[in-house]
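Next come the chains, spelled out residue by residue.
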Amino acid sequence: MPPTTPVHPWDVTPEEAIAIQQQVRQQIRIEPMPHPAETIAGADISFNKFESTVYAGIVVLRLSDLAVIEEVGVVSETDFPYVPGLLSFREIPSLLKAWEKLTTIPDVVMFDGHGTAHPRRIGIASHAGLWLNRPTFGCGKSVLVGRYHDPAPERGDWSPMMHKGEVVGAALRTKNNVNPVYVSPGHLIDLETAIQLTLQCDGGYRIPEPTRRAHLLVNAIRRGEHPVS
DNA sequence: GCGACAG
DNA sequence: ATCTTGTCGC
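Keep in mind it's a predicted model, so treat the numbers as computed, not measured. (Residues numbered from 1 in each chain as written. Chains lettered and ligands numbered in written order. Predicted model: local features only at pLDDT ≥ 70, side-chain atom pairs only at ≥ 80, totals over all residues. Heavy atoms only, no water.)

Visitor: Got a minute to help me understand the pairing of strand E5 (residues 136-140) in this structure?
Guide: Side chains on a regular strand alternate between the two faces of the sheet. Along E5, five of the five residues are buried, which leaves the element largely enclosed by surrounding structure. Because side chains alternate across E5, one face comprises the buried residues Thr136, Gly138 and Gly140, and the other comprises Phe137 and Cys139, equally buried. Taken together, the three bridges between strand E4 (residues 108-111) and E5 define a ladder with parallel strand orientation. Residue pairing for E5: Val109 is matched across the bridge by Thr136. At this point the chain moves from E4, through helix H3 (residues 124-132), to the parallel E5, and the crossover so formed is right-handed. The sheet contact formed by E5 and strand E8 (residues 181-187) spans five bridges and is antiparallel. Within the sheet, the bridge partner assigned to Cys139 lies in E8 and is Val183. (Buried < 20%, exposed > 50% of the residue type's maximum accessible area, 1.4 Å probe, protein only. Helix = DSSP H or I, 4+ residues; strand = E, 2+ residues; numbered from the N terminus. Pairing = 2+ DSSP bridges. Right-handed = clockwise from strand over helix to strand, strands pointing away.)

If you want it as structure tokens, here you go:
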């Protein structure tokens, strides 16, 4: 287990979760990636409303052509409810189980949610980055915190998301005349690189391929259309 | 006090 | 997040 791996329980109350976030947020490092990435993974979970069973999955893609290198999934249970700001406590435990099944370790991981664009600067992407001790960033479909001016309608344009005087992320246009996605660094990466990687994962859809593929995978697992070895 | 609020 | 068909617009 890497020395930077934060050891704390996941089976906690929302109040304790916030205290844990305050404690480990100091370990998050927003800085350029050590080496250019060749592979990227998308992570996501799915579930049936009102049920505690969650279907988690991770898809690893080769950045050069976005080909799928590997995909893993697990069926797990969660007690932690969805609480804005505490998403990591509901999703990370299951994602860590999926991560252990990977035989390929991706250079960077994209999460469906935020990194620093979080009230305490420790969204799911940042928190997971600490546990994985790997570059991570978030690419969400809506805003949790932060204000921004609409970026131009052309793919590639973006504008900074501001929160309490800080640039916490970017509203990025991944497709012409379509709502932007919200990118923010998680850990061991910077905003510029996260934006560049998101654009590099273009599959012609608003949602970048890693997250889109992970979403398709976990939904297939949930519907019993995909085996979970 | 009121409204906002990732997935 | 999930439940769901057609439909409006680029």
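Visitor: Is there a simple way to think about the protein's contact with DNA strand B in this case?
Guide: Around DNA strand B lies a shell of 18 residues, among which Tyr82, Gly85, Ile124, Lys141 and Ser142 are the nearest. Among the atoms of DNA strand B close to the protein, meaning within 4 Å, 48% are from sugar or phosphate groups. Take Leu86: an N or O atom from its main chain is 3.4 Å from a base nitrogen of DNA strand B. Leu87 is positioned such that a nitrogen or oxygen atom in its backbone is 3.1 Å from a base nitrogen of DNA strand B. By residue class, the composition of the surface near DNA strand B is eight nonpolar, seven polar and three charged. (Near = heavy atom within 4 Å. Polar contact = N/O pair within 3.5 Å; in protein donor to acceptor, adjacent residues only side chain to side chain. Nonpolar A, V, L, I, M, F, W, Y, C, P; charged D, E, K, R; others polar.)

Visitor: What am I meant to see in the protein's contact with DNA strand C here?
Guide: Around DNA strand C, the neighbouring residues are Ser46, Phe47, Lys49, Lys141, His215, Asn219 and Arg222. Close to the protein, within 4 Å, the atoms of DNA strand C are drawn from sugar and phosphate at a rate of 86%. Here Asn219 contributes a side-chain N or O atom positioned 2.9 Å from a phosphate oxygen of DNA strand C. Arg222 is positioned such that a nitrogen or oxygen atom in its side chain is 3.3 Å from a phosphate oxygen of DNA strand C. For the surface near DNA strand C, the secondary-structure elements that each account for two or more residues are strand E1 (39-47) and helix H5 (209-222). The element best represented in the surface near DNA strand C is H5, accounting for three residues. Within the surface near DNA strand C, the residues separate by chemical class into one nonpolar, three polar and three charged.

Visitor: Looking at this model, I keep getting lost on the pairing of strand E7 (residues 166-172). Mind explaining?
Guide: The buried count for E7 comes to five of seven residues, which makes it a mostly enclosed element. As judged from the six bridges shared by strand E6 (residues 158-163) and E7, these two strands associate in the antiparallel manner. Bridging from a neighbouring strand, Ser159 pairs with Ala171 of E7. Where E6 folds back onto E7 in an antiparallel hairpin, the turn is made up of two residues, including Lys164, whose phi is positive at roughly 50°. Bridging between E7 and E8 involves three bridges; their strand directions are antiparallel. Across the sheet, the residue bridging to Ala171 is Tyr182, located in E8.

Just distances and angles here, no functional claims.
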